[in-house]
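# Coordinate analysis (summary)
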Amino acid sequence: MRNALLGSILTLAAGFTSFAQTASVNFDSATRVFRLDGGNMTYAFGVNQRGELQAIYWGGRLGATDVIPQAVPMMEWASFDDSYTTTPQEYAGWGAGLFVEPALKITFPDGNRDLVLHYESHTIGASGLDVVMKDIERPVFVTLHYVIDPDTGVLARSAAIENRGKESVTVEQAAAAAWSLPPAQYTLSYLTGRWAGEWTLNQEKLDAGARVIESRRGTTGHQANPWFALQAGDADENHGEVWFGALGWSGSWRMTFEHDQLDGVRITGGFNPFDFGYVLHAGEKLETPIFYGGYSRQGLGGASRLLHRFELTKILPRTAATASWPAPKVRPVIYNSWEATEMNVNEAGQIALAEKAAALGVDRFVMDDGWFGQRNTEHAGLGDWYVNPEKFPRGLKPLIDKVHSLGMDFGLWVEPEMVNPNSDLYRNHPDWVLNFPGRPRTEQRTQLVLNLARQDVRDYVFGFLDKLLTENDISFLKWDYNRNWSEPGWDQLPPNEQKAVYVAFIRNVYGILSELRQKHPNIEIESCSGGGGRVDLGILRYVDEVWPSDNTDPFDRLSQQDGFTHAYTPQIMMAWVTDSPHWLNHRTTSLSYRMLSSMQGSLGIGADISKWNDDQTATVKRLIAAYHQVQKTIVQGDLYRLISPLNGSEFSATQTVNQDRSQSVVFAFIHSTQEGRGFPILKLKGLDPSGQYAISSIEGKLRAGSPTTASGAWWMNHGMEMDPDFRGDFQAAAFRLDRK
Ligand code: GLA
């Protein structure tokens, strides 16, 4: 009977083995409720009596035959909060007495600024659900897009705003989506930082009022990352309900968390409305970024495992060779000479380092900044992408050939969106940078930002990158971006349209990346922005990895990596082993500690390896070989943060389990032993309880008499015990478990 009520149903099969889930999207024409199911999540909203789209449910998956009641508007709360503002709307226009955060705000040329969106129609298709809304009187249409992932339940939401009228309108605020949760106690988790200090996990009770995290910098930013989690009640790392979300946008963004007047929670995110103004001419459309949302009842750990799986299977790009794979290939172990040589690169020096790197078992050799133009210091050269003839008189080919003959592939650093005023490019095209004519041009790192929104600039940038990749056998680009915007003018456009730069610039960055990948289908790219300044689900559709931080101190990295993995998969988390004492903190650590810290992500070597003695070389060679054997489990497995390194913790530990639970890898770290305390027994997670697992050491020892083989139940219930001598300052150990 019930099926007769369903307008249409779409069922998608899961594409990834470990989640035997399906997705379905349906509309119940009797109740006018839309329901999306995927993974362990159900999301529902409906058309209420007034014709508005109203949020109904976001949480654990409901029974297939459960009938979700129709949306009923909330009552007004005295005369001060009318029903339009108390009702949790799916995508509210600013108008009609709305006092909470609007999703959309528009100014019409006659001065009217009232926008009230009502349901018009919908379509359910192969790619998901589209719901069309229209203003109650004017021809402004908004199409809300919904795509739910069958495996993880992660829901991708975005909006297209369309002007079907004859006159231009100005969009002053446009969210990708608004999400609502019912009244309860919530803790908000979010990530903040600064250069060399990214990925600080903040957790605070969501109290009345609005909490805003944002970037006004024209780019994602080090200072806040567009990810959040909301924990209900006492939910923690391992238990309880968690709602999470991430914005796929690499420009200025904002997320607002409102604990509203009736204690409900509304999360609105998209383009940052600060300095925003997008003119839609007759017939034009503005597509917002995508706001992804998900749900777990296994705490923050469960939330991040879902997000990692989603990123691996649905976001990250594939090269030609891996196009049909369920997950990208693991990252090559790289060597990068930046910390060893900085800009003092030349053919002989790079070849000497490449020979050393190859002997360690490195897969990819990357030459960093300094190889082009008149780039000897940060004061010159950006923009002039010819090979520096003094440093490489024979061009790049002899170096690249040598790297290949050593069995490695070759990668190169570029910073395509920037220019030094001291460059031929700037001397020839001073108008190509973001600027307000007649005003000073603020330099940062003595560089200016090219206005990539301009077609001529876009063509130049694509052109030089395409040429570089066509003329040289380059497998990898480290794509850097070393400042944020200032004076964001775009004086080619009429004054009231210039703010379109916030959208057009980022779309062109994505466009260039996507075109380059199409034309050079084997190229791999890293997103770097002075470390982790451009990491988000927007850029991750076009890049294979990111540089999380210029801070490579192995102890700092433990907490940075802990924060990072709340939002992003270890697959993309590049981690280099560099020199000790560390340049930033002057901390001295052993080579094996540095190796193990970096082996929790995608491993790289960034030290001055020309100075390493035979012992150091042997240690690193042995650990790279051990890493190669278990890398897929570490970077693509399910991650359990067993002991957090945060809050002054003496210890920390992580564990990953691969998809079929046949292998697990455990890392344990001691910051500084106090009062003789031994390392806690590590009760493992996620193993097959009845499987027999043999444990072996990658580095370090277990307590004498520990079993060498035991059931998953043993390792999870009894746990693994470290050698009592595992104590001291900056100690590390790692083990692998293999099911027999
Ligand atoms: C940025 C990057 C570094 C390095 C330098 C080169 O700071 O984050 O890794 O590439 O630029 O100038």
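Above this note sits the structure.
The sections below set out a description of the structure shown in this document. Please read all numbers here as calculations on a predicted model, not as lab measurements.

Of regular secondary structure, the protein possesses 13 helices and 37 strands. Compactness check: the protein gives a C-alpha radius of gyration of 27 Å against a globular reference of 27 Å for 740 residues, within 12% of the reference. Along the first, second and third principal axes, the C-alpha atoms of the protein reach 75 × 70 × 45 Å. In the protein, which comprises 740 residues, the proportion classed as buried is 62%.

For the rest of this paragraph, the subject is the pattern of salt bridges. Scanning the model with the defined rule gives 45 salt bridges in all. A salt bridge links Arg-331 to Glu-524; its shortest N-O distance comes to 3.1 Å. Residue Arg-331 is found in the loop between helix 3 (299–315) and strand 22 (334–336), and its partner Glu-524 is found in strand 28 (residues 524–527); the two are separated by 193 residues along the sequence. The exposure class assigned to Glu-524 is buried, which follows from its relative accessible area of 3%.

Moving on: the pairing of strand 15 (residues 224–232). Within strand 15, nine of the nine residues are buried, leaving the element largely enclosed by the surrounding structure. On strand 15, burial covers both faces: Ala-224, Pro-226, Phe-228, Leu-230 and Ala-232 on one face and Asn-225, Trp-227, Ala-229 and Gln-231 on the other are all buried. Inspection of the sheet shows strand 12 (residues 186–192) paired to strand 15 by six bridges, in the antiparallel sense. Directly across from Thr-192, in strand 15, lies its bridge partner Ala-224. Pairing of strand 15 with strand 16 (residues 242–248) involves five bridges; the strand directions are antiparallel. Counted as the bridge partner of Trp-227 is Ala-246 from strand 16.

What follows concerns the packing of aromatic side chains. All told, the structure shown has 40 aromatic pairs when counted by the stated rule. Centre to centre, the rings of Tyr-593 and Phe-669 are 5.9 Å apart; their planes meet at 90 degrees, and the pair counts as edge-to-face. One end of the pair, Tyr-593, is in helix 11 (residues 591–598); the other, Phe-669, is in strand 34 (residues 663–672), with 76 residues separating them in the sequence. Each member of the pair, Tyr-593 as well as Phe-669, is classed as buried. A connected cluster of aromatic rings, assembled from ring pairs, spans Phe-27, Phe-34, Tyr-43, Phe-45, Trp-58, Tyr-119, Tyr-146, Trp-179, Phe-228, Phe-257 and Phe-291. A cation over an aromatic ring shows up here: Arg-138 above the ring of Phe-108, its NZ or CZ 4.7 Å from the ring centre. In this structure, Arg-157 packs its charged tip against the face of Trp-179, placed 4.8 Å from the ring centre.

Paired through backbone hydrogen bonds, the strands of a sheet run either parallel or antiparallel to each other. Here we have six strands laid out as an open sheet, ordered 32-33-34-37-35-36, and antiparallel in their pairing. On the outer flanks of this sheet lie strand 32 (638–643) and strand 36 (709–711), each paired with one strand and no other. Within the sheet, the average angular offset between the axes of one strand and its neighbour, ignoring direction, is 25 degrees. Two elements, strand 35 (residues 692–699) and strand 36, share three bridges in a ladder whose sense is antiparallel. Each bridged residue has a counterpart across the sheet, and for Ala-694 the counterpart in strand 36 is Thr-709.

Near the ligand lie 13 residues; those nearest to it are Asp-368, Asp-369, Arg-445, Lys-478 and Asp-550. Take Arg-445: an N or O atom from its side chain is 2.9 Å from an oxygen atom of the ligand. The separation between an oxygen atom of the ligand and a polar side-chain atom of Asp-480 is 2.9 Å. In isolation the ligand offers 310 Å² of accessible surface; the protein chains occlude 96% of this area. Here the shell around the ligand is built from residues that sort into four nonpolar, three polar and six charged.

As a further point, take a nonpolar patch on the surface. On the surface, a cluster of nonpolar side chains totalling about 300 Å² of accessible area is made up of Trp-195, Trp-583 and Leu-584. Take Trp-583: it is sitting in the loop between strand 30 (574–577) and helix 11.

Spatially, 29-28-27-24-23-22-31-30 is the arrangement adopted by the eight strands of the open sheet, whose pairing is parallel. In this open sheet, the two strands that pair with only one neighbour each are strand 29 (545–546) and strand 30. Along the sheet, helix 11 contacts strand 30 and strand 31 (602–605); its crossing angle with strand 30, the most-contacted strand, is approximately 170 degrees.

We now examine the side chain of Thr-565. Within the secondary structure layout, Thr-565 lies in helix 10 (residues 554–567). Contacts of Thr-565, omitting those with residues within four sequence positions, involve Ser-304, His-308, Pro-570, Met-573, Leu-639 and Arg-641.

This part is about the environment of Trp-485. Along the chain, the position of Trp-485 falls in the loop between strand 27 (476–479) and helix 9 (501–519). For Trp-485, a relative accessible area of 11% gives the class buried. Sequence-wise, Trp-485 and Val-449 are 36 residues apart; in three dimensions their C-alpha atoms are separated by 6.8 Å. In contact with Trp-485, not counting residues within four places along its chain, are Arg-217, Gly-218, Leu-434, Val-449, Val-501, Tyr-502 and Phe-505. A polar contact is formed between the side chain of Trp-485 and the side chain of Tyr-481, at a distance of 2.9 Å.

Two numbers describe how helix 5 (residues 347–360) lies on helix 12 (residues 614–636): the axes approach to 8 Å, and their chain directions differ by 55 degrees. Compared by their axis directions, helix 5 and helix 12 come out oblique. For the pair helix 5 and helix 12, the contacting residues are Lys-356, Ala-359 and Leu-360 in the first and Thr-617, Val-620, Lys-621 and Ile-624 in the second. Of the residues contributing to the contact of helix 5 with helix 12, the split by class is four nonpolar, one polar and two charged.

This paragraph deals with the nonpolar core. Grouped together as the largest cluster of nonpolar side chains are 186 residues, with contacts concentrated most on Tyr-91, Ile-161 and Trp-371. Looking at which element gives the most residues to this core, the answer is helix 9, with eleven residues. In terms of nonpolar packing, the next biggest core, distinct from the first, is built from 22 residues, Ala-653, Ala-668, Tyr-693 and Phe-735 among them.

Reading the values: rules and limits
Residues numbered from 1 in each chain as written. Predicted model: local features only at pLDDT ≥ 70, side-chain atom pairs only at ≥ 80, totals over all residues. Heavy atoms only, no water. Helix = DSSP H or I, 4+ residues; strand = E, 2+ residues; numbered from the N terminus. Rg over C-alpha atoms; globule rule 2.2 N^0.38 Å. Buried < 20%, exposed > 50% of the residue type's maximum accessible area, 1.4 Å probe, protein only. Salt bridge = Lys/Arg side-chain N within 4 Å of Asp/Glu carboxyl O. Pairing = 2+ DSSP bridges. Phe/Tyr/Trp six-rings, centres within 6.5 Å; stacked < 30°, edge-to-face > 60°. Lys NZ or Arg CZ within 6 Å of the ring centre and 35° of its normal. Axes fitted to C-alpha atoms, helices over the stretch in contact; angles between N-to-C directions. Near = heavy atom within 4 Å. Polar contact = N/O pair within 3.5 Å; in protein donor to acceptor, adjacent residues only side chain to side chain. Areas by Shrake-Rupley, 256 points an atom, 1.4 Å probe, with all protein chains shown as cover. Nonpolar A, V, L, I, M, F, W, Y, C, P; charged D, E, K, R; others polar. Patch = residues over 30% accessible without salt bridge, like charges linked within 9 Å, V, L, I, M, F, W, Y side chains within 5 Å. Contact = heavy atoms within 4.5 Å. Parallel < 35°, antiparallel > 145°, perpendicular 65-115°, else oblique. Core = buried A, V, L, I, M, F, W, Y, C linked by side-chain atoms within 4.5 Å.

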